[in-house]
Amino acid sequence: MPATRLMPTQESDDLIALTREIVDKELRPRVDEAEASATFPREVFRTLGRAGLMSLPYPEELGGGDQPYEVYLQVLEEIASAWASVGVGVSVHALSCFGLFTAGTDEQREQWLPEMLSGEQLGAYCLSEAHAGSDPAAMRTRAVRDGDDYVIDGAKAWTTHGGEADFYKVMARTSDDGGRGISCFLVPAGSPGLTADVPERKMGLTGSTTATMLFDGVRVPAGRRLGDEGQGLPIALAGLDAGRLGIAAVAVGVAQGALDVAVAYAKEREAFGKPVIEHQGLAFLLADMAAAVDSARATYLHAARMRDAGRPYGREASVAKLVATDNASRVTADAVQVLGGAGYTKDFPVERYMRETKVMQIFEGTNQIQRLVISRHLAR
Amino acid sequence: MANIVVLVKYVPDATGDRTFTSDNTVDRVGVDGLLSELDEYAVEEALKVVEAGDGEVTVLTVGPEQAADAVRKALQIGAHKGVHVLDDAIAGSDAAATSLVLAKAIEKIADYDIVMTGLASTDGAMSVVPAMLAERLGLPQLTFASELTIEGDTIRIRRDGDAATETIEASGKMVVSVTDQINEPRYPSFKGIMAAKKKPVETWSIADLGIEASQVGTAAAWTKVLSFEPRPPRTAGEIVTDEGDGGTKLAEYLASKKFV
Ligand SMILES: Cc1cc2nc3c(=O)[nH]c(=O)nc-3n(C[C@H](O)[C@H](O)[C@H](O)COP(=O)(O)OP(=O)(O)OC[C@H]3O[C@@H](n4cnc5c(N)ncnc54)[C@H](O)[C@@H]3O)c2cc1C
């Protein structure tokens, strides 16, 4: 059963219908094979891009769809309900464009954003380092000014789309002043000295490439610095608020997908002479799963509406990320339970969903960090 | 220069349950529906023709309120304008009456070179409307096109039959129906969704077309569905376990059913 949605406009209703059509015809037929063989689905992103689904939250004059987060996130959820790696990818792409959009000059935006939002390009962002994940202010990758250029040296860990992307939003140290010594750069793929290490071998999201990006004397013109020197960390963290909403929507999508598989199975599978959904012990588990999915959706939509209204939403974004990803982990594990032994095999997608939702409690700020953000708001 | 009228039909979603009204006609009002998938090939082909030259694509539908969704979808894919013939009197019309309404609407559109259709609707699946329409309009018909080329005002099509492949051509105004082999329909895009909001759609009644209520609807239908019942679900097949003699068993089975 597709989720029931109250969309704000006719065109957003049509947008959901378009997303479902593309998901059914282009994503569902490919997901199992690509995830099993760890193949990055570059072409699927082009299909989504051509339909305009890779640039929805950006203004029309820059090539975007001018859609509020309330709409964009529900499209993202629909994509992720069929294919988590692609949902994560769309969110990461949107996040990679965010720095240029919020911190770039008009000239910088007009020069690069239309191409980045055209749907043909794919973005990545490089914040984390091997020893600096939850604490990005500890990063060591350096950008040293040299005439009209900066020269970047170091390694950025965990880059989603590392080696596949067309451009990288890179945070690097320009002074030793801790969190105030970091700057943000837009680095094109193919820059001499920029290479991707061997991709990580992950527990899930196997179709999504994650790799350390190696910077060996990479020259970047000073005109590609976004915002002032030292503004890099605030730019990255502002982007993370929006990115957390993206991950919340993706987690709800995967949980919805798991719920759908579980309910369908429980109606077919019989034990003790009747469908297992007619055993109250299991039916109540399914009811709890549905409640977890619906409440997580409501939570991210509330945060999205705060954002769309121009209100501060950092706390709400962290609540949404925490609730949606914790719920999704539980719902997907319960979906395996509903399917019994079958759920534990690769013949059904629920074991994959379970592996996929685990990482959502880790990236874009671990759920410990979300609690840290929320509790700091409470202590204010 | 080719202005093309594409016929589009709003059909019940084939993945949903079929329901019927009290007079045994398909329920088109109380169910989820969509643009008949086979019509998407006609929309795509028409767009390809005008994109290669010039001209406009007008989509025409006859159907209830919700049929406007089919028109809107075609406009989102790229058609330029729409016409929706909407009239309570039309409900329950058979193919002959439907072709009458379509013919009158096409005559009213007037400025067209080609009428393009899908090979059948995914609900009725009769495939007769294009031929009836050509007859009513007095136009040549090129049906079941799996390939289409245009030279001046001549169109040549390839029609793949069971026994032979034919190449047929006609000139001037004509009716063309296309199969699902002819192209790969594009998806709408979000830009298309936004652009469709500004495209003109006219809604006409049968009075606008000079048609009397008595000429259409259930009462005017030449045939009537008296009853229907779902076909019994397929029974479980026979499973042959291969114990080294699987081939022999299969051959025996086929022989017993007189297949070999
Ligand atoms: C698949 C995948 C894709 C990723 N994609 C990207 C990407 O595209 N770009 C990018 O920049 N990064 C990306 N990351 C990195 C990700 O954001 C980090 O892994 C994450 O921020 C956690 O950092 P860490 O792994 O270094 O964990 P650590 O910071 O070492 O944390 C270890 C544990 O300590 C806990 N902890 C740390 N600090 C505190 C504290 N103050 N209070 C309580 N507990 C704490 C953490 O919650 C965690 O449980 C990705 C990671 C993965 C796995």
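Residues numbered from 1 in each chain as written. Chains lettered and ligands numbered in written order. Predicted model: local features only at pLDDT ≥ 70, side-chain atom pairs only at ≥ 80, totals over all residues.

## With respect to the sheet that holds strand β8 (residues 147-151) of chain B
Residues and elements named next belong to chain B.
Argument step 1. Pairing in this open sheet of three strands is antiparallel, and the strands run β8-β9-β10 from one edge to the other. In the strand order of this sheet, the two ends are held by β8 and β10 (165-171), each with one partner. Across the sheet, the mean angle separating the axes of adjacent strands is 20° when strand polarity is ignored.
Argument step 2. By the bridge criterion, seven bridges tie strand β9 (residues 154-160) to β10 in an arrangement that is antiparallel. (Pairing = 2+ DSSP bridges. Helix = DSSP H or I, 4+ residues; strand = E, 2+ residues; numbered from the N terminus. Axes fitted to C-alpha atoms, helices over the stretch in contact; angles between N-to-C directions.)

## Description of helix α6 (residues 232-268) of chain A
Argument step 1. The terminal C-alpha atoms of α6(A), which comprises 37 residues, lie 54 Å apart, in line with the 54 Å expected from a rise of 1.5 Å per residue.
Argument step 2. Along α6(A), the sharpest change in direction is near 30° and occurs at A:D241. (Expected span 1.5 Å × (residues − 1). Bend = angle between axes of the 7 residues up to and from the residue.)

## Observations concerning the interface of chain A and chain B
Argument step 1. Of the residues lining the interface, twelve residues belong to chain A; the matching set on chain B comes to nine residues.
Argument step 2. For the side of chain A that touches chain B, a count of residues per class yields six nonpolar, two polar and four charged. (Contact = placed C-beta atoms within 7 Å. Nonpolar A, V, L, I, M, F, W, Y, C, P; charged D, E, K, R; others polar.)

## A word on the pairing of β10(B)
Argument step 1. By the criterion of burial, β10(B) is predominantly exposed, with just zero of the seven residues buried.
Argument step 2. Joining the antiparallel neighbours β9(B) and β10(B) is a turn of four residues. (Buried ≥ 20, exposed ≤ 12 C-beta atoms within 10 Å, placed from the backbone.)

## What about the packing of helix α8 (residues 314-339) of chain A against helix α10 (residues 367-379) of chain A?
The relative placement of two packed helices comes down to the angle between their axes together with the axis-to-axis distance.
Residues and elements named next belong to chain A.
Argument step 1. α10 packs onto α8 with a crossing angle of 145° between their chain directions and a minimal axis gap of 9 Å. α8 and α10 meet at a crossing whose hand is left-handed. For the pair α8 and α10, the contacting residues are G314, R315, S318, V319, K321, L322, T325 and D326 in the first and N367, Q370, R371, V373, I374 and H377 in the second.
Argument step 2. Partitioned by chemical class, the residues of the contact of α8 with α10 number four nonpolar, six polar and four charged. (Left-handed = near helix turned anticlockwise from the far one by under 90°.)

## Let's talk about the site of the ligand
All names here are of chain A.
Argument step 1. With respect to spatial proximity, 21 residues lie near the ligand, and among them G133, S134, W158, T366 and Q368 are the closest.
Argument step 2. Secondary structure elements with two or more residues in the shell around the ligand: β1 (123-126), β3 (149-160) and α10.
Argument step 3. Across the shell around the ligand, the residue classes break down as eleven nonpolar, nine polar and one charged.
Argument step 4. Residue assignment places the shell around the ligand across two domains, with domain 2 (123-231) and domain 3 (234-379) each supplying three or more. (Near = placed C-beta within 6 Å. Domains from an automatic or database assignment.)

## Topic: unusual backbone geometry
Residue and element names in this part refer to chain A.
Argument step 1. We note that A38 has phi near 50°; this positive angle belongs to a residue other than glycine.
Argument step 2. Following the sequence through the fold, A38 ends up in the loop between α1 (10-36) and α2 (42-50).
Argument step 3. With a phi close to 65°, W158 is a non-glycine residue in the positive phi region.
Argument step 4. Counting through the fold element by element, W158 comes out in strand β3.

## Some thoughts on the domain arrangement of chain A
Residue and element names in this part refer to chain A.
Argument step 1. The assigned domain composition of chain A is domain 1 (10-116), domain 2 (123-231) and domain 3 (234-379).
Argument step 2. A straight line from the C-alpha centre of domain 1 to that of domain 2 covers 22 Å.
Argument step 3. If you look at the interface, domain 1 gives 23 residues, while domain 2 gives 18 residues.
Argument step 4. Counting residues per element, the ones that place at least two in the side of domain 1 that touches domain 2 are α1, α4 (84-103) and α5 (106-116).

## Looking at the nonpolar core
Argument step 1. A:L245, A:A255, A:Y300, B:V6, B:A74 and B:V101 are the most contacted members of the largest nonpolar core, which totals 182 residues.
Argument step 2. Per-element tally for this core: the top contributor is α6(A), with 19 residues. (Core = buried A, V, L, I, M, F, W, Y, C linked by C-beta atoms within 7 Å.)

## Describing helix α2 (residues 68-77) of chain B
Residue and element names in this part refer to chain B.
Argument step 1. Burial analysis of α2 places eight of its ten residues in the buried class, the great majority of the element.
Argument step 2. Considered for burial, the residues of α2 that qualify are A70, V71, R72, K73, A74, L75, Q76 and I77.
Argument step 3. Positioned one or two residues after α2, G78 has a phi angle of 150°, which is positive.

## Side note on the pairing of strand β2 (residues 142-146) of chain A
Taken residue by residue, a regular strand's side chains alternate between the two faces of the sheet.
All names here are of chain A.
Argument step 1. Pairing of β2 with β3, which is carried by five bridges, proceeds in the antiparallel orientation. Bridged to A143 within β3 is I152.
Argument step 2. Between β2 and β3, which pair antiparallel in sequence order, lie two residues; one of them, G147, sits at a positive phi of approximately 65°.

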